[in-house]
Amino acid sequence: MSNIVELRDVRKRFGSLEVLKGVSFSVARGEVVALIGQSGSGKSTALRCMDRLETIEGGEMFVCGHAMHTGTVDLAALRRDVGIVFQGYNLFPHLTVAQNVMLGLRLVKGKTKAEATQIANAVLDRVGLQSKVESYPEQLSGGQQQRVAIARGLAMQPKVMLFDEVTSALDPQLTGEVLRVIEGLAKDGMTMILVTHEMDFARRVADKIIFMHNGVVREQGGPEILTNPGTEELARFVAAA
């Protein structure tokens, strides 16, 4: 497996606050990586840099062959390669579920209505929402809306999917239905990077776990690091989770 994402000594600050203080890690094609750590550790900022929602100020970052540390990133091409799902669903309330999923296919990928409809039906079936294609977001539960957001990302057939705390606003039952969708994607071999506070899920699904602390990668390894932490900081974090 070759690396599809690579960070080398990546740095990012907001004003006087240095959020990423030399972050380095890699993600292989087909790998599922969980980014964990306390709020403010830099994990969501690192994720947002991978989709160029934030720019880095030092180091090197490569995502799907795009050199993110240069000023010449083709954003349209990057967004075709990288899908991102946030805590907020960001669905258009005036569009049906199918229309929300089809929008990017029509505007970004230039698909015909028939092609976009076929793809939308397939991805909505994949996340268990085929029966909701004509529903509007307000008619769905939070878990269903988040699954639509995942389907919208999948419809673009990205090489990497990024998930930023996608279950943090959901109750336990709805969290479970969203995590089952992500677990299915993992079994299908989708390359995914997840910022998550769900330690049991990370232990079960992730090939690699990266623990960030105060803007640096403090520890990384397989799921076993959650059972046998190698640093005091990770031990304290796991105990409190």
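Criteria and cut-off values
Residues numbered from 1 in each chain as written. Predicted model: local features only at pLDDT ≥ 70, side-chain atom pairs only at ≥ 80, totals over all residues. Heavy atoms only, no water. Axes fitted to C-alpha atoms, helices over the stretch in contact; angles between N-to-C directions. Helix = DSSP H or I, 4+ residues; strand = E, 2+ residues; numbered from the N terminus. Parallel < 35°, antiparallel > 145°, perpendicular 65-115°, else oblique. Left-handed = near helix turned anticlockwise from the far one by under 90°. Contact = heavy atoms within 4.5 Å. Nonpolar A, V, L, I, M, F, W, Y, C, P; charged D, E, K, R; others polar. Buried < 20%, exposed > 50% of the residue type's maximum accessible area, 1.4 Å probe, protein only. UniProt positions renumbered as here; feature names shortened; annotations may be inferred. Pairing = 2+ DSSP bridges. 1 Å grid on protein atoms, 1.4 Å probe; cavity = no way out; pocket = protein on both sides within 12 Å on 5 of 7 lines; lining within 4 Å. Points joined across faces, edges and corners; volume = space filled by probe spheres on them. Salt bridge = Lys/Arg side-chain N within 4 Å of Asp/Glu carboxyl O.

### As for the packing of helix α5 (residues 142-155) against helix α6 (residues 172-187)
Line of reasoning, step 1. Packing of α5 against α6 leaves a shortest axis separation of 8 Å and a crossing angle of 20 degrees. It follows that α5 is roughly parallel to α6 by the angle criterion. The chirality of how α5 crosses α6 is right-handed. Across the interface between the two elements, G142, G143, Q144, Q146, R147, I150 and L154 from α5 touch L174, E177, V178, V181, I182 and L185 from α6.
Line of reasoning, step 2. Here the contact of α5 with α6 is built from residues that sort into seven nonpolar, four polar and two charged.

### Quick word on helix α3 (residues 97-107)
Line of reasoning, step 1. Among the residues of α3, V97, A98, N100, V101, M102 and L105 are the ones counted as buried.
Line of reasoning, step 2. Buried residues in α3 make contact with α4 (113-126) and α5.

### Side note on the UniProt feature "domain: ABC transporter" (unreviewed entry) in the protein chain
Line of reasoning, step 1. UniProt annotation of "domain: ABC transporter" (unreviewed entry) refers to residues 5-239 when read in the numbering used here.
Line of reasoning, step 2. The annotated region residues 5-239 carries 36% helix and 26% strand content, and the separation between its end C-alpha atoms amounts to 30 Å.

### Some points on the pairing of strand β10 (residues 216-221)
One face of the sheet, then the other: side chains in a regular strand alternate in exactly this way.
Line of reasoning, step 1. With five bridges connecting them, strand β9 (residues 208-213) and β10 associate as antiparallel partners. Paired with I209 across the bridge in β10 is G221.

### Section: empty space enclosed by the protein
Line of reasoning, step 1. Counted by the stated rule, this structure contains one cavity of 30 Å³ or more.
Line of reasoning, step 2. Roughly 60 Å³ of internal volume is contained in the largest cavity.
Line of reasoning, step 3. Forming the walls of the largest cavity are F163, E165, V166, T167, L179, I182, L194, V195, T196, H197, E198 and F201.
Line of reasoning, step 4. Grouping the amino acids of the lining of the largest cavity by side-chain chemistry returns seven nonpolar, three polar and two charged.

### What about the pattern of salt bridges?
Line of reasoning, step 1. The final tally for this structure, using the stated rule, is 16 salt bridges.
Line of reasoning, step 2. Between K159 and D81 there is a salt bridge whose closest N-O contact spans 3.8 Å. A residue pair is termed long-range when its members are at least 10 positions apart, and K159 in the loop between α5 and β7 (160-164) and D81 in helix α2 (residues 75-81) qualify at 78 residues.
Line of reasoning, step 3. A relative accessible area of 42% means that K159 is categorised as partly exposed.
Line of reasoning, step 4. R203 is the partner of D200 in a salt bridge, and the nearest nitrogen-oxygen pair spans 3.1 Å. Note that D200 and R203 are positioned in helix α7 (residues 199-205) at a spacing of three residues, about one turn of the helix.
Line of reasoning, step 5. It is possible to trace a salt-bridge network through shared partners that takes in K12, R48, E54 and E57.

### Structural notes on the sheet that holds strand β6 (residues 82-85)
Line of reasoning, step 1. With mixed pairing, the six strands of this open sheet are ordered in space as β6-β7-β8-β3-β9-β10. Each edge of the sheet is formed by a strand with only one pairing partner; in this case those strands are β6 and β10. Between one strand axis and the next, the sheet turns through 20 degrees on average, direction left out of account.
Line of reasoning, step 2. Here strand β3 (residues 32-36) runs beside strand β8 (residues 192-195); their pairing, made up of four bridges, is parallel. Across the sheet, residue L35 finds its bridge partner in β8, namely V195.
Line of reasoning, step 3. Together, β3, β9 and β10 form the strand contacts of helix α8 (residues 232-240), whose direction differs from that of β9 by roughly 100 degrees.

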